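Breakdown of the fold
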Amino acid sequence: MKSNTVDKLCIFGVGYVGLPLSIEFSKKFKVIAYDKNKKRIQNLKTGIDINNDLELKEKKKLKNNKNLFFTSKLKDILQCNIYIVTVPTPILKNKKPDLRHVIDASKKISSILKKNDLVIYESTVFPGTTEDICVPILEKAKKFKLNKDFYVGYSPERLSPGDNSHGLKKVVKVTSGSSHKALKITDNLYKNIIKKGTFKASSIKVAEAAKVIENTQRDINIAFINELVYIFDKLKINTNDILKAASTKWNFVKFQPGLVGGHCIAVDPYYLNYISKKKKYFPKLIKPSRDINDKMSFFVTKKILKELNKISKKNDVLNVLILGFAYKENSSDTRNSPIINIYKSLKKNKCEVDVIDPLVNKKEVLNEFYLNINKPLNKLYDCIVLAVPHQLILKNFFKYSKFLKSNKSFVFDIKYSLNNKKLNIIHL
């Protein structure tokens, strides 16, 4: 394969990462987007993206894009010469890496791999995964040898669902390859669509490590601020007021306290923690930081219940409305959403709880969390929890506030998004 030749490109996995990537590459090349989820493929063929992560103009083009073909059949990707793997890499219940999707993708591609093909991985993994786990699988089916019969690249995804200011084309893309040739092809490929440019990593392991520490760093920083919330709550001082004062110093880095969920910050540290322990080093910061952020939803619930007890009588049924269920604002992504912990904890404490989120898919939430959201509001609430400040929720907040039961009822604002003197607002 020549460094400037792309016959057919396959995006293997068409989720939050794979779909935008497929669309951008289809502006330059013929793209076949493969996913084993038949329903997902059927929806995309008719122009439907249940993730709601595309801009309106992109949704309209989806159905009539002649350079983009969606399929759930392996035979349809036989003629591709570049495969980009964008499958999820979650964690198991024991917090260890779940590489099943990456391994399955590698096995499927191995069965159809041809001489001189290039396989590029974008999924977040711990350093060494591509070369030590994926490459042996790719070599096995046809007894190929890396850098002789085929090539491998790694270019970690940097998408942030719901954040259009840091979209695919607007963020520098790290690239790497199993050889000089593989790196050149991989880098040239992404240069076709990334306006911000690329960065050539010195090795695949370096690129893998760069990705996994990006979100681990954020997790540790947020954990520090969340720990301050625990401390200052004991001291009865407002953490947000403290952060405002401290941020007047030129070199103070301001992070906000809050809930941490999603597919990156809540997951990636476990990958780094896992490989560190495998190499007999036991991290002192990574796991404790993860624990602090994991427990934040229970701290939030405790605060809400404390305020509810102030306004309720012993046998009162307390009604709570939670606004937002996605793991972050302006996104439909509910993966590892910490809001479910708040919901369950309030229910255990005999609260009647309703949840509203105009962005997330109601059926997906029902299937994944067994929770029926977005029911018509037909009661008054003792507390409204502003959990995820989607712009659409903030825009309609006056409508929701009308469902507060009395002047003693309150709004619990987790992310300091509201400033309304007419409402009884309590911040984290």
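From a predicted model like this one, the values you see are computed outputs, not experimental measurements.

1. Points about the pairing of strand β4 (residues 82-85)
Alternating positions in β4 separate into two faces, Ile82 and Ile84 on one and Tyr83 and Val85 on the other, with burial throughout. As defined by bridge partners, strand β1 (residues 9-12) adjoins β4 across four bridges and the pair is classed as parallel. From the neighbouring strand, leucine 9 faces β4, where its bridge partner is isoleucine 82. Across four bridges, β4 lies against strand β5 (residues 117-121) in parallel orientation. In the sheet register, valine 85 faces β5, and the bridge partner there is tyrosine 121. With helix α4 (residues 100-112) bridging β4 and its parallel neighbour β5, the resulting β-α-β unit is right-handed.

2. Regarding a nonpolar patch on the surface
A contiguous nonpolar patch, built from Ile231, Leu235 and Ile237 and spanning about 270 Å² of accessible area, is present on the exposed surface. Topologically, isoleucine 237 is positioned in the loop between α7 (204-234) and α8 (239-246). You can call isoleucine 237 partly exposed: its relative accessible area is 42%.

3. Quick notes on the packing of aromatic side chains
For the structure on display, the rule yields eight aromatic pairs. Centroid distance phenylalanine 12 to tyrosine 34: 4.6 Å. Interplanar angle 40°. Geometry classified as tilted. Within this pair, whereas phenylalanine 12 is found in strand β1, its partner tyrosine 34 is found in strand β2 (residues 31-34), the two being separated by 22 residues in sequence. Exposure class is identical for phenylalanine 12 and tyrosine 34. Each is buried. Geometrically, the ring pair formed by phenylalanine 144 and phenylalanine 150 is tilted, given 6.5 Å between the ring centres and 35° between the ring planes. Exposure remark for phenylalanine 144: the relative accessible area of 11% places this residue in the buried category. Of the residues examined, phenylalanine 150 reaches a relative accessible area of 0% and is grouped as buried. What links up through ring pairs into an aromatic cluster is the set Phe25, Phe29 and Tyr190. Over the aromatic face of tyrosine 190 sits the side chain of lysine 173, whose NZ or CZ is 4.4 Å from the ring centroid. The ring centre of tryptophan 250 lies 4.6 Å from the NZ or CZ of lysine 249, which sits over that ring.

The rules we used
Residues numbered from 1 in each chain as written. Predicted model: local features only at pLDDT ≥ 70, side-chain atom pairs only at ≥ 80, totals over all residues. Heavy atoms only, no water. Buried < 20%, exposed > 50% of the residue type's maximum accessible area, 1.4 Å probe, protein only. Helix = DSSP H or I, 4+ residues; strand = E, 2+ residues; numbered from the N terminus. Pairing = 2+ DSSP bridges. Right-handed = clockwise from strand over helix to strand, strands pointing away. Patch = residues over 30% accessible without salt bridge, like charges linked within 9 Å, V, L, I, M, F, W, Y side chains within 5 Å. Areas by Shrake-Rupley, 256 points an atom, 1.4 Å probe, with all protein chains shown as cover. Salt bridge = Lys/Arg side-chain N within 4 Å of Asp/Glu carboxyl O. Phe/Tyr/Trp six-rings, centres within 6.5 Å; stacked < 30°, edge-to-face > 60°. Lys NZ or Arg CZ within 6 Å of the ring centre and 35° of its normal.

Shape is all these values report; function is a separate question.
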